[in-house]
Amino acid sequence: MKYLTVLLVLAVAFWLWRSNRKADKVPPPKPSSAKAPGTPQPMLRCAACGLHLPQSDALTGRQGSYCSAAHLKQLEGG
Ligand SMILES: [Zn+2]
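Being a predicted model, the structure only gives us computed values, none of them experimental.

Along the backbone of the protein there are two helices and four strands. In the protein, the order of α-helices and β-strands from amino to carboxyl end is α-β-β-β-β-α. Buried positions account for 8% of the 78 residues belonging to the protein. Pairs at least 24 apart in sequence give 9% of the contacts found in the protein among residues at least 6 apart.

One finds Leu44, Ala48, Ala58, Tyr66, Cys67 and Leu72 forming the largest nonpolar core, which totals six residues. Sequence-distant contacts of Leu44, defined by excluding residues within four places in its chain, comprise Leu53, Gln55, Ala58 and Ser65.

Attention shifts here to the environment of Leu59. Checked against the element boundaries, Leu59 lands in strand E3 (residues 59-60). Residues Leu59 and His71, spaced twelve residues apart in sequence, show a C-alpha to C-alpha distance of 9.3 Å. Among all residues touching Leu59, those that are not within four sequence positions of it are Ser65, Tyr66, Ser68, Ala69 and Leu72.

Quick look at helix H1 (residues 2-24) now. Note: α-helices contain 3.6 residues per turn, so residues at a spacing of three or four share the same orientation. Counted at 1.5 Å a residue, the expected span for H1 with its 23 residues is 33 Å, and the 33 Å between its end C-alpha atoms agrees. Counting buried positions along H1 gives zero out of 23 residues, so the element sits mostly on the surface.

As for its position among the elements, Ala58 is in the loop between strand E2 (52-54) and E3. For the pair Ala58 and Leu44, spaced 14 residues apart in the sequence, the C-alpha separation amounts to 7.1 Å. Each residue touching Ala58, except ones within four places of it in the same chain, is listed here: Leu44, Leu53, Ser65, Tyr66 and Cys67.

On average, residues of the protein score 86 in pLDDT, and 88% of them reach the 70 mark or higher. The least confident element of the protein, judged by mean pLDDT, is H1 at 88; the most confident is strand E4 (residues 65-66) at 96.

About the thresholds
- Counting restarts for each chain, with residues numbered from 1 along the sequence as it is written.
- Confidence filtering applies because this is a predicted model: local features only for residues at pLDDT of at least 70, side-chain atom pairs given and counted only at 80 or more, and all residues used for totals across whole chains, interfaces and linings.
- Segments assigned H or I by DSSP are reported as helices when at least four residues long, segments assigned E as strands when at least two residues long, and all are numbered from the N terminus.
- Three exposure classes are used, all based on how many other C-beta atoms lie within 10 Å of a residue's own C-beta (placed from the backbone): buried at 20 or more, exposed at 12 or fewer, and partly exposed between those limits.
- By definition, residues are in contact whenever their C-beta atoms, placed on the basis of the backbone, come within 7 Å of each other.
- By definition, a nonpolar core groups buried Ala, Val, Leu, Ile, Met, Phe, Trp, Tyr and Cys residues that connect through C-beta atoms lying within 7 Å of each other.
- A helix's residues, less one, multiplied by 1.5 Å, set its expected span.
- The quantity known as pLDDT measures the predictor's confidence residue by residue, on a range of 0 to 100.

Encoded structure:
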């Protein structure tokens, strides 16, 4: 009967250890620095193709803003 008690204590300890590990695995919440949906953003116009895009997605060159690196290269030559 003594061994059964030891086994029971070990089983409970193992179960507690396992549930603690599970709790540790929960990923931390993502930082809220990501742009919030619905927040108005200044829109810029690509100097090459005229596409309108949010300022955070635009590439800024010497002569204006661009929707992509390809268009920046196209107008500013690299
Ligand atoms: Zn463009």
